[in-house]
Structure formats: structure tokens, C-alpha cells
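# Structural overview for review
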Amino acid sequence: MPETRREIERLAGRFGQPLVIDSPIPDYFDDPIRKPDRYGEVCMVVRRPSGAVLLSIKTFYPRGAYRLPTGGIAPGEPILDALLRETHEETGLRTEVRRFLAQIAYHGEGEATGTPLFHTFAFLLDETSGTLGALDASEQIEDWREVETAQLPDVAATLENIPDRATPEIDNWSAWGRFRAVVHRVASEALRS
């Protein structure tokens, strides 16, 4: 993906050098790491005027599983385009990109080499206007919560401790929660530096 590498270099030049992380994850879940319509996602660390950042929960998530919003990057779609599109669709807010926080490549546990399973590109965005609310009903966002950035490790810990059968529809919530926790810890580290 030479074009993606070039875009990452341009984004780092414009929005700052991100933390670059290779993370092992349990890989016995499918959504989103095996969805054919994406190779990765953007993570939107949306800072409100109060300084707090937004977390969301979807209707089918285990209770309490609030997390930083993310959105898929379609094959061939520029990362920045996906970030701006997904931020607007999911939050309804107008934002300004402030920092490129992290570039995370995920590998199955015990497989630290080879092609990554999935990628997350995390960015800090400042809310500039708009009314909070998903514009795309298919996102199934049920609620929003604001937290201080210092609380992101606590959010990660909550996600890491989701039991497997937290809802009847999905058996492997534990693996999903451990995967989702990674970006919260990395974004917290990036924001402290």
C-alpha cells in the first residue's frame, strides 16, 4: 500500500508525528477486523468546548461499553477523507483536525510479523459547531458520554473486562473488548506527550 504510506507521511507532516504501535490482539472475532469493505478505521477523539472527549455506545453493545467512535476506511479511500466523513456521519458535528495521535497495526497474538489484520489511525479533532447526534441511523448509536482524557485508561479497563457472553447475540465480546481497549490506552499516551 505505497499510496497509504505516502498519505501517512503527509498526515504526519501536517498534523504531527503519531505514535506507531504494533499490537497483538485476540483474533477470534470478525467485526470489524475481517470486514471486506475496509482495511482499517479512523478513531475520532473529538474534543468538546469543555475539553472533554466523546464516547459512544451502540444499541447492541454490552451495557457500559462506551468507547471512542471509529469508522471504516474503504479500500482506496484516503484516510483524511474517511476521518472527515465518518466524524460528520457519526457525530453531526463540525470539527477541525488538530493532531495525528496514533497509527496502530494489529496482529493476532503470537503472530507479530506479516501483514497486519487491521489498522487504526487515531486523530484529535476539536468541535467547532453543530449539534451532537448521529446523522446515519445505521450506526445504531444509542448514547453519548463525555470523559476527561485522563479517564481513557479507565475506559480501556472497562472494555478489557467485558465478559464473552455479555449479550446473547455475540459470543466473543471479550476479544472485541481487548481489541477496542488498545486505542484508548494509545490515545491517552499520545495526548500526554
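Residues numbered from 1 in each chain as written. Predicted model: local features only at pLDDT ≥ 70, side-chain atom pairs only at ≥ 80, totals over all residues. Heavy atoms only, no water.

With that settled, consider the overall build of the chain. Across its full length, the chain carries four helices and seven strands. Secondary structure elements of the chain, listed N to C terminal, follow the sequence α-β-β-β-β-α-β-β-β-α-α. Compactness check: the chain gives a C-alpha radius of gyration of 16 Å against a globular reference of 16 Å for 193 residues, within 12% of the reference. Counting all 193 residues of the chain, 50% fall into the buried class. Here the analysis covers contacts within the chain between residues at least 6 apart in sequence; of these, 74% occur between residues at least 24 apart. (Helix = DSSP H or I, 4+ residues; strand = E, 2+ residues; numbered from the N terminus. Rg over C-alpha atoms; globule rule 2.2 N^0.38 Å. Buried < 20%, exposed > 50% of the residue type's maximum accessible area, 1.4 Å probe, protein only. Contact = heavy atoms within 4.5 Å.)

Moving on: the environment of Ser-56. Its location among the elements puts Ser-56 in strand 3 (residues 53-58). The sequence separation of Ser-56 and Glu-142 amounts to 86 residues, and the corresponding C-alpha distance is 7.5 Å.

This next bit is on the pattern of salt bridges. Under the definition given, this model contains 19 salt bridges. Between Lys-35 and Asp-31 there is a salt bridge, with the nearest N and O atoms lying 3.9 Å from each other. Assessed through its relative accessible area of 32%, Lys-35 is described here as partly exposed. The shortest N-O distance in the salt bridge between Arg-98 and Glu-96 comes to 2.9 Å. Overall, Arg-98 belongs to the partly exposed group, its relative accessible area being 38%. Within the structure, one salt-bridge network assembled from shared partners comprises Arg-47, Glu-96, Arg-98 and Asp-126. (Salt bridge = Lys/Arg side-chain N within 4 Å of Asp/Glu carboxyl O.)

With that settled, consider helix 2 (residues 79-91). Taking 1.5 Å per residue as the helical rise, helix 2 with its 13 residues ought to reach 18 Å, and the 18 Å between its terminal C-alpha atoms agrees with that figure. Taken as a whole, helix 2 has its buried residues at Ile-79, Leu-80, Ala-82, Leu-83, Glu-86, Thr-87, Glu-90 and Thr-91. Looking straight down helix 2, one finds its buried side chains confined to an arc of 155 degrees; they lie on one side. (Expected span 1.5 Å × (residues − 1). Arc of directions from axis to C-beta.)

Quick look at helix 3 (residues 152-160) now. Each α-helix turn comprises 3.6 residues. Residues three or four places apart therefore point the same way. Taken residue by residue, helix 3 has Leu-152, Val-155, Ala-156 and Leu-159 as its buried positions. Down the axis of helix 3, the smallest arc covering the buried residues is 100 degrees, so these residues share one side.

The biggest cluster of nonpolar side chains holds 35 residues, and the ones touching the most others in it are Val-45, Leu-68, Leu-101 and Tyr-106. Elements with a minimum of two residues in this core: strand 2 (40-47), strand 3, strand 5 (93-108), strand 6 (118-130), helix 3 and helix 4 (173-192). When residues of this core are assigned to their parent elements, the largest contribution, ten residues, is made by helix 4. Those residues within four positions of Leu-101 in sequence are excluded, and the remaining contacts are Pro-18, Leu-19, Val-45, Ala-122, Phe-123, Leu-124, Ala-187, Ala-190 and Leu-191. Formed by 22 residues, the second largest nonpolar core is a distinct cluster that contains Leu-11, Ile-73, Phe-100 and Leu-125. (Core = buried A, V, L, I, M, F, W, Y, C linked by side-chain atoms within 4.5 Å.)

Moving on, we get to unusual backbone geometry. With an omega of 15 degrees, the peptide bond between Asp-31 and Pro-32 qualifies as cis. Checked against the element boundaries, Pro-32 lands in the loop between strand 1 (19-25) and strand 2. Even without being glycine, Gln-140 reaches a positive phi, approximately 60 degrees. Here Gln-140 lies in the loop between strand 6 and strand 7 (141-147).

Note that all results are geometric; they support no functional claim without further evidence.
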